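Topology and contacts: notes
So the chains spell out like this:
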Protein chains: 4
Amino acid sequence: MMDEEPLLRSFTTGGLGNRMTIKVAINGFGTIGKRVADAVDAQSDMEIVGVTKTRPSFGCDLAVRKGYPLYCTFNDKERIDAFAPAGYTCMGGLSDLLEQADVVVDCSPGKVGAANKEIYVNAGVKYIFQGGEKHAMAERSYTSSANHEQNLNAPGTRVVSCNTTGLSRTLVPLYDRCGSLKVECTMIRRAADPGDSAKGPINAIKPVLKVPSHHGPDVMTVKPEIQINSMAVAVPTTLMHCHSIVAFLPPGHGLTTESVLDLWRNQPRIIIMNGGETNITTTAEVMEYARDIGRKWGDLHEIFVWEDGVKLDGDTLYFFQAIHQESDVIPENVDAIRALMGTESDWRASVAQTDAAIATYNGI
Amino acid sequence: MMDEEPLLRSFTTGGLGNRMTIKVAINGFGTIGKRVADAVDAQSDMEIVGVTKTRPSFGCDLAVRKGYPLYCTFNDKERIDAFAPAGYTCMGGLSDLLEQADVVVDCSPGKVGAANKEIYVNAGVKYIFQGGEKHAMAERSYTSSANHEQNLNAPGTRVVSCNTTGLSRTLVPLYDRCGSLKVECTMIRRAADPGDSAKGPINAIKPVLKVPSHHGPDVMTVKPEIQINSMAVAVPTTLMHCHSIVAFLPPGHGLTTESVLDLWRNQPRIIIMNGGETNITTTAEVMEYARDIGRKWGDLHEIFVWEDGVKLDGDTLYFFQAIHQESDVIPENVDAIRALMGTESDWRASVAQTDAAIATYNGI
Amino acid sequence: MMDEEPLLRSFTTGGLGNRMTIKVAINGFGTIGKRVADAVDAQSDMEIVGVTKTRPSFGCDLAVRKGYPLYCTFNDKERIDAFAPAGYTCMGGLSDLLEQADVVVDCSPGKVGAANKEIYVNAGVKYIFQGGEKHAMAERSYTSSANHEQNLNAPGTRVVSCNTTGLSRTLVPLYDRCGSLKVECTMIRRAADPGDSAKGPINAIKPVLKVPSHHGPDVMTVKPEIQINSMAVAVPTTLMHCHSIVAFLPPGHGLTTESVLDLWRNQPRIIIMNGGETNITTTAEVMEYARDIGRKWGDLHEIFVWEDGVKLDGDTLYFFQAIHQESDVIPENVDAIRALMGTESDWRASVAQTDAAIATYNGI
Amino acid sequence: MMDEEPLLRSFTTGGLGNRMTIKVAINGFGTIGKRVADAVDAQSDMEIVGVTKTRPSFGCDLAVRKGYPLYCTFNDKERIDAFAPAGYTCMGGLSDLLEQADVVVDCSPGKVGAANKEIYVNAGVKYIFQGGEKHAMAERSYTSSANHEQNLNAPGTRVVSCNTTGLSRTLVPLYDRCGSLKVECTMIRRAADPGDSAKGPINAIKPVLKVPSHHGPDVMTVKPEIQINSMAVAVPTTLMHCHSIVAFLPPGHGLTTESVLDLWRNQPRIIIMNGGETNITTTAEVMEYARDIGRKWGDLHEIFVWEDGVKLDGDTLYFFQAIHQESDVIPENVDAIRALMGTESDWRASVAQTDAAIATYNGI
């Protein structure tokens, strides 16, 4: 597929030279898009060449404040011209933006991916989709710790969903250590984001009646060797998802509860804290911790694992983890850009570079 | 142990003669007590000889309206005399009540069981504790479908918690059919009852950091052959608990998704409905259904299983069930009375009798 | 207008003879319709001739259980015929139902009133709309205590919304006593009904930005003499609305906090309780009280006023009241039927008859 | 009173010389304390000389990260020595801290104010209490726009609560313009803070049965000329309080809806936005806006007024405002320090200085 794409303008085989920065477009400047933009903007090897909005709306203000060039999601003149009377300078349509870009991060609302992919391919830019799109459409998927190398120099990929990213963070190192892993997971999902006041339920638990759910098996798009099924319920909270995980390790794994914790402590983007000692016993206190340490938007890019909620009982490992649905995939998008551009083949090196840059604007 | 209890006044070996009704005391007339009282009151072979309150309070009104003799939870004259000025006729203290009773259903707040047990034994009455008390204290536990026969003529027992009762309803017939069963369960628990406005969280998920939790293993107090572990989280809803269950059937089980459903359809106190067809897709709509069919307090004594949330995948069975925490144990308490009194040795016969009587006041 | 309606089949001037019952159709058998049906069904001077559903759905079961003849909301054969394959006996379309009826209670979802009114007028039946429809369309509005007499023998009316009905219950007697009344009210509204899991917000307060809101002034459709404005917010709860009311009494009113309470104690459909004494301090405990006293669906037809939340400070009266949005208008619908049919001209007599009949199925 | 305080070490009559910074101690480093510390730390004329914690706990980490000297709330050696084994350097007890300070901001949990005041007075430091303490104890109260000048050089004051501060922001300029103001206000209060998962209710509205509530009249501690009463309810949300306000202007006020808005636009610490245009229609979206513009902790120091929720109808002004309970008093604490120290007598100058400094760490 890749060699069929003559339009691809740049970096066909070996990545950037030292003097260049990767030019990144953000198509869709909403919950995910605005966060990816800031994370990209902080990287020394990348720059934001523009972000898109569908129409002149209050959300444009944020782009203006940050100094990101503003483009229209569409190409027709009428829509583009509508920005000026509202006081926003619109630099053009999506096509104009793509001409400036090496790679586009697609943060548009789900289910328009197939149409967008064609646009990106035709424009000769690499593309990154989010987890709302299907693996089959994107042709490959990505998390930093699972399959960075397999995404090197690919024309495009999909950063998997917040839930899958979170599962990958803790399960991939377990698999890598044990050589085999079978997992049953229940996802207790926040029903709406904090800034979304339209969705319910206000007072109910909503099971996802498709059993098993799609969430767990999605891990296999980045690490096919892990056998995983999941069930999911939505509950009336806005803060975080919580995973209740049972992992069956192979006989002779040689691990203990403590050595599992150590494994995760050596893994990036996992925070391990003891609920009893810190009084961080619910997702509310986890989010308060993120606010306290000065994280922008109160985000938590890391997966939160309760130390006292981990127990290895024979070959069965039980643990809880909390997932900040608005932000855990943000650094993965940055790493995925480096993978596609072929500028960093070592996932741990990319992660270290990404996280150090993010730390400059994101508290401690 | 039983033959060491000479004080036991009645029904030592064979139960009631035809002419007699079992005299039941309710110690503690709160959320559970008021419901057990009504269920017992509806049975033709039982009568309520009294209920207790700790002090004259608004809750006494309900006992007065129902015509249940009102007693004080304590025996000292001062406390008993405090009821009259508040306008309530108090018939005496707990000891006076126990003199009238064959069996006492202890519905007092948890953790006072050990002291109460001594009082009951000394008074020569049989006793039933609720799931808030420990199995070891009560010496045995009970659910109708799991171990009715083993409780026949026992001096006392413990009706297990709402969660354990619910698990027993669906898992015991599976075990009985398969001869072996291993279960991992995540309990998504309502954080407070509908009439309790003091407890939170308002906007958080709270994992129970003791892993595995005590809830699942409690099933083994009534059916030791089932291997079960559980994890639990509390979520901001008041209506029902929801169980996300993974059951590993033994090879050669011969079951299908449909035959599992049929097994449950032939089991009492399980409601199976299709969420897609009925639009009953959350615990809110389940509770609305209970209101619609005229259930008192809007209760649902049955376990609710979503037909389209059941999937047997090879040897692994996935399903969701919803548990009405305020009421599913109510009919079990009635059956447990018959077990202790030795008046009905067939659990299915007792269940049929209990449920038919409850139906007279409890909608369709 | 009334004498222009030659099609009106019955009760043209004086109401029913002794031997007859009022034939009532319910158009729309949902949250309100099912409750009105039961209330009507309990009246000795009324009978349900049928209820409508738009299509064969799970909600039809309730009609079948209650024995109410089932009709289709529409008249086309295809839709009517669709009920049989689903196992329901459909007696015909709306027109067939209206032929059997003296009066139709329109409980269809809001905003279809104008079209329905024409159907009802053409069919020669009297009609009652709910508060979701506009006063101008219905031409008049109704609450039992405000303007029963003005609705006598009218062709149709509108039972005002749950909020307006609740305000009318407490404000009309105040006005009648004082001869003048100016009111500012803030309505803290439940955002969704208990059985509705789709709507939010989960964690927010939503002010109604149209200021003043329409809720308060709607009182003037039944009692134009009361000067009232209101503001409203929606909050994440499903149980009840709560009104925070400031009423300015005219100088020389001669009332005290206690005499205001007495005024309300002599008014039907108001419950006054002391939060401090009963521990009923939130809408959760109010609803629990309704469950405890055995109310069907856990409904509370009465307005709940906290005795210790009432304070007359000079000429300014402060009080809170809680409104059960699913049910407070139910008895008003029954009274409205008698008003339109002209069978009972005394509102207090109608209320007494309605409430006594409802009490037969509705707890204490 | 002031001239009776010979212990007062510094700035007795005229404030700081140019070369000095005000030395500020924070007694209690929790929700309010940590925010006040950061706001003070950002001011060029102030410095944090230390913060206190009752014991070595997870909350100390934040002080360490920020570089604030850590002290023990108590003076006994045993408690002070307990910090070292937990890995924290404790500089001493409260008395040691007060020796370093010109002014202490008391952010301890409510109701210990009287005891603390004696300590502060004896130590010769000026003191600022928070709204949880009583006006009578503190002897005077403070908001920047209401009575800065009256607090100049006072020995101590009380920054009023979040609600009172919010009311003062919008009502004081109205009063100043009109010369008379009568207000009825309903406060719809968040029931718990975002990081507090213990409190309910989960699904209820809880009226404050003391009517009128204390919240509104508290405004008169800073602006006695405003006549105000209030009612309050708590609702299941964690984000913000919302005020529903009816203000009666004197005849001849000469204002219009638009001129009221202009009045507020010229007032510091009020944000006015149009809900219809911005889609910011609930407190959830208001808080999301604060996150978007990069505010630390996602705080909003300003009062939020919905432009389309303001309506002047004759002499009656209706409006809604949203109050971020965790943070709106933070800049007021900074201004109050300058008032007590006598270093800036013009409230608008202090506000401008405070807010400019806060903006350096607090987004746009």
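Please read all numbers here as calculations on a predicted model, not as lab measurements. (Residues numbered from 1 in each chain as written. Chains lettered and ligands numbered in written order. Predicted model: local features only at pLDDT ≥ 70, side-chain atom pairs only at ≥ 80, totals over all residues.)

1. As for the overall build of chain A
Secondary structure summary: chain A contains 13 helices and 15 strands in total. Relative to the compact-globule value of 21 Å for 364 residues, chain A shows a C-alpha radius of gyration of 21 Å, a close match. For chain A, the spread of C-alpha atoms along the three principal axes comes to 65 × 45 × 40 Å. Expressed as a percentage of its 364 residues, the buried residues of chain A come to 57%. The contacts in chain A between residues at least 6 apart in sequence include a share of 70% that link residues at least 24 apart. (Helix = DSSP H or I, 4+ residues; strand = E, 2+ residues; numbered from the N terminus. Rg over C-alpha atoms; globule rule 2.2 N^0.38 Å. Buried ≥ 20, exposed ≤ 12 C-beta atoms within 10 Å, placed from the backbone. Contact = placed C-beta atoms within 7 Å.)

2. Focus: the nonpolar core
Membership of the largest hydrophobic core comes to 429 residues, with the highest contact counts inside it found for V24 of chain A, V24 of chain B, V24 of chain C together with V24 of chain D. Every residue in contact with V24 of chain D, bar those within four places of it in the chain, is listed here: V40, M46, E47, I48, V49, A101, V103, V105 and I337 of chain D. (Core = buried A, V, L, I, M, F, W, Y, C linked by C-beta atoms within 7 Å.)

3. A few points about the relation of the copies chain B and chain C
Superposing chain B onto chain C takes a rotation of 180° plus a shift of 0.0 Å along the axis, which leaves an RMSD of 0.0 Å. Taken together, these values place the two copies in the relation of a two-fold axis. Taken as a fraction of all interface residues of chain B, those also at the interface in chain C reach 100%, which identifies the copy contact as same-surface. (Least-squares fit on C-alpha atoms with pLDDT ≥ 70 in both.)

4. Regarding helix α5 (residues 113-123) of chain C
All names here are of chain C. Taken residue by residue, α5 has G113, N116 and Y120 as its buried positions. Relative to the axis of α5, the buried residues are bounded by an arc of 65° and lie together on one face. Set apart from the buried face of α5 by more than 90 degrees, the exposed residues are A115, E118 and N122. Taken together, the buried residues of α5 touch β1 (22-27), α4 (94-100), β4 (103-106), β5 (126-129), α6 (135-138) and β7 (156-159). Remark: G124 follows α5 within two positions and exhibits a positive phi of approximately 75°. (Arc of directions from axis to C-beta.)

5. Structural notes on the environment of Q325 of chain B
Tracing the backbone shows Q325 of chain B in the loop between β15 (316-323) and α12 (330-341). Taking the C-alpha atoms as reference points, Q325 of chain B and L239 of chain B, 86 residues apart in sequence, are found 7.9 Å from one another.

6. Details of helix α1 (residues 31-41) of chain B
α1 of chain B sits mainly inside the fold: nine of its 11 residues count as buried. Listing the buried residues of α1 of chain B in full gives I32, G33, K34, R35, V36, A37, D38, A39 and V40 of chain B.

7. Observations regarding the relation of the copies chain B and chain A
Of the transformation placing chain B onto chain A, the axial shift is 0.0 Å and the rotation is 180°, giving an RMSD of 0.0 Å. The overlap is high: 100% of the interface residues of chain B also sit at the interface in chain A, so the same surface is used on both sides.

8. Re the interface of chain B and chain A
Every contact between the two is made by 35 residues of chain B and, on the other side, 35 residues of chain A. Counted by class, the side of chain B that touches chain A contains 21 nonpolar, 10 polar and four charged residues. (Nonpolar A, V, L, I, M, F, W, Y, C, P; charged D, E, K, R; others polar.)

9. So, the domain arrangement of chain A
All names here are of chain A. According to the domain assignment, chain A consists of domain 1 (2-160 + 329-359) and domain 2 (162-323). Computed from C-alpha coordinates alone, the two centres of domain 1 and domain 2 are separated by 27 Å. Tallying the contact residues gives 18 residues for domain 1 and 17 residues for domain 2. Those elements that place two or more of their residues in the side of domain 1 that touches domain 2 are α1 (31-41), β6 (141-142), α7 (144-147), α12 (330-341) and α13 (347-359). A class-by-class count of the residues in the side of domain 1 that touches domain 2 yields seven nonpolar, seven polar and four charged. (Domains from an automatic or database assignment.)

10. So, the interface of chain B and chain C
Facing the 23 residues of chain B at the interface are 23 residues of chain C. Residue assignment for the side of chain B that touches chain C shows that the elements contributing at least two residues are α2 (60-66), α10 (275-278) and α11 (283-292) of chain B. Looking at which element gives the most residues to the side of chain B that touches chain C, the answer is α11 of chain B, with six residues. Residue composition of the side of chain B that touches chain C, by class: seven nonpolar, eight polar and eight charged.

11. Describing the environment of I280 of chain C
Residue and element names in this part refer to chain C. The topology assignment puts I280 in the loop between α10 (275-278) and α11 (283-292). The spacing of I280 and A123 is 157 residues in sequence and 48 Å in space, taken between C-alpha atoms. Discounting chain neighbours no more than four positions away, the residues touching I280 are M273, G275, E285, V286 and Y289.

12. Overview of unusual backbone geometry
Of the consecutive residues V211 of chain A and P212 of chain A, the connecting peptide bond is found in the cis state with omega at -15°. Looking at the element boundaries, P212 of chain A is found in the loop between β9 (206-207) and β10 (227-235). With a phi angle near 80°, E139 of chain C is a residue other than glycine that sits in the positive phi range. Turning to its location among the elements, E139 of chain C is positioned in the loop between α6 and β6 (141-142). On the basis of neighbour counts, which here come to 14 C-beta atoms within 10 Å, the residue E139 of chain C falls in the partly exposed class.

13. What about the sheet that holds strand β6 (residues 141-142) of chain B?
Residues and elements named next belong to chain B. Strands sit in the order β3-β2-β1-β4-β5-β7-β6 across an open sheet of seven strands; the sheet is parallel. One side of each edge strand has no neighbouring strand; the edge strands of this open sheet are β3 (70-72) and β6. Two elements, β6 and strand β7 (residues 156-159), share two bridges in a ladder whose sense is parallel. Looking at the pairing, Y142 lines up with V159 of β7. α1 rests against β1 (22-27), β2 (46-53) and β4 (103-106) of the sheet, and its axis sits at about 160° to β2. (Pairing = 2+ DSSP bridges. Axes fitted to C-alpha atoms, helices over the stretch in contact; angles between N-to-C directions.)

14. Observations concerning the pairing of strand β10 (residues 227-235) of chain C
All names here are of chain C. Of all nine residues making up β10, seven are buried, and the element is well covered by its neighbours. Across nine bridges, the pairing between strand β8 (residues 182-190) and β10 is parallel. Among the inter-strand pairings, T186 is bridged to a residue of β10, identified as M231. Judged from the two bridges that link them, strand β9 (residues 206-207) and β10 form a sheet pairing that is antiparallel.

15. Points about the confidence of the model for chain A
All names here are of chain A. Looking at chain A, pLDDT values average 93 and 95% of them are 70 or higher. Scored below 50 in pLDDT, residues 1-15 shows 19 contacts in the model against residues more than four places distant or in partner chains. On the interface metric, ipTM, the complex scores 0.92, and its pTM is 0.93. (pLDDT = per-residue confidence, 0-100.)

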